[in-house]
Amino acid sequence: MSSSTTSDSIRYQKLLAVIDKALQNSRDTFDTTAAITECYGDDASIFGAATLEKLLESLVERVNDSAHVHVLEKLQELQVEEKLIQVEEIIHALDQAARERRKLEEHDRTSATNALQKAKLPEGIRPEDVVSHRAFQILKQEESALDAELAKLQEETKLMEEQIAQAQAQVKQSLGKVDETGAKLEQTADSCSFVS
């Protein structure tokens, strides 16, 4: 079962793939043949074991599909895709800014070295010392800016993790409904076996 939506967000596509895999793994762990055998034992053939199995398969599949739709609706309601796109844009902007900063630093270093070579420095101070000091000042400014951006990203990541945890809880709840429905089906089948 895969999502019918397409997205520019790589992280959102990965999230959808993880959700799809979790739902499929959950579905794969439910053995309908074993459930029917456990409920009816040798009497399963009386009720048509293959029919019961198909019925149970269909019910589990519908619940699984319903859980998938519910999770996708919740992700859309929480605007997870948009938030992940924003995170990707921020990361891209930070990468771009870092490249630009490196270019500027290289330009500054080159121009500072050229200027220092033309100017006479006080005794004991080398051009490398001046360049190192300037680089240190620039790095300190950039570090402050990056720390602020990192704090913002961490807050957004925390929020997204909470939202994912909520979505996972809802998936577990939906899976609980599958178990509940299976128990009801067992009771109905037991009632049918007493009637026969």
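Worth saying up front: this structure is predicted, and the values here are computed from it rather than measured.

### Here we look at the environment of Glu 105
For Glu 105, the position within the fold is in helix H5 (residues 80-118). You can call Glu 105 buried: its relative accessible area is 16%. For the pair Glu 105 and Pro 127, spaced 22 residues apart in the sequence, the C-alpha separation amounts to 15 Å.

### Quick look at the nonpolar core
Soluble globular proteins: nonpolar side chains tend toward being buried together. Counting residues in hydrophobic clusters, the biggest one holds 17 residues, and the most contacted among them are Tyr 12, Leu 15, Ile 19, Leu 75, Val 80 and Leu 84. Only helix H1 (10-29), helix H4 (49-77), H5 and helix H6 (127-195) provide two or more residues apiece to this core. The element that contributes the greatest number of residues to this core is H1, accounting for five residues. Excluding residues that lie within four positions of it along the chain, Leu 75 makes contacts with Tyr 12, Leu 15, Leu 16, Ile 19 and Val 80.

### Here we look at the packing of H1 against H4
Between H1 and H4, the least distance of the axes is 11 Å, while the angle of their chain directions is 155 degrees. Classified by the angle their axes make, H1 and H4 are roughly antiparallel. Both H1 and H4 take part in a crossing whose hand is right-handed. Counting all contacts with H1, which are made through Tyr 12, Leu 15, Leu 16, Ile 19, Asp 20, Leu 23 and Arg 27, the residues of H4 involved are Glu 57, Val 60, Glu 61, Asn 64, Ala 67, His 68, Val 71, Leu 72 and Leu 75. Here the residues of the contact of H1 with H4 sort into 10 nonpolar, two polar and four charged.

### A look at unusual backbone geometry
One non-glycine residue, Gln 79, lies in the positive phi region at around 55 degrees. The class of Gln 79 is partly exposed, set by a relative accessible area of 46%.

### Looking at the confidence of the model for the protein
With 91% of its residues at a pLDDT of 70 or more, the protein shows a mean pLDDT of 83. Across residues 1-5, confidence stays below pLDDT 50; counting only partners more than four residues off in sequence or on other chains, it has 15 contacts.

About the cut-offs
Residues numbered from 1 in each chain as written. Predicted model: local features only at pLDDT ≥ 70, side-chain atom pairs only at ≥ 80, totals over all residues. Heavy atoms only, no water. Helix = DSSP H or I, 4+ residues; strand = E, 2+ residues; numbered from the N terminus. Buried < 20%, exposed > 50% of the residue type's maximum accessible area, 1.4 Å probe, protein only. Core = buried A, V, L, I, M, F, W, Y, C linked by side-chain atoms within 4.5 Å. Contact = heavy atoms within 4.5 Å. Axes fitted to C-alpha atoms, helices over the stretch in contact; angles between N-to-C directions. Parallel < 35°, antiparallel > 145°, perpendicular 65-115°, else oblique. Left-handed = near helix turned anticlockwise from the far one by under 90°. Nonpolar A, V, L, I, M, F, W, Y, C, P; charged D, E, K, R; others polar. pLDDT = per-residue confidence, 0-100.

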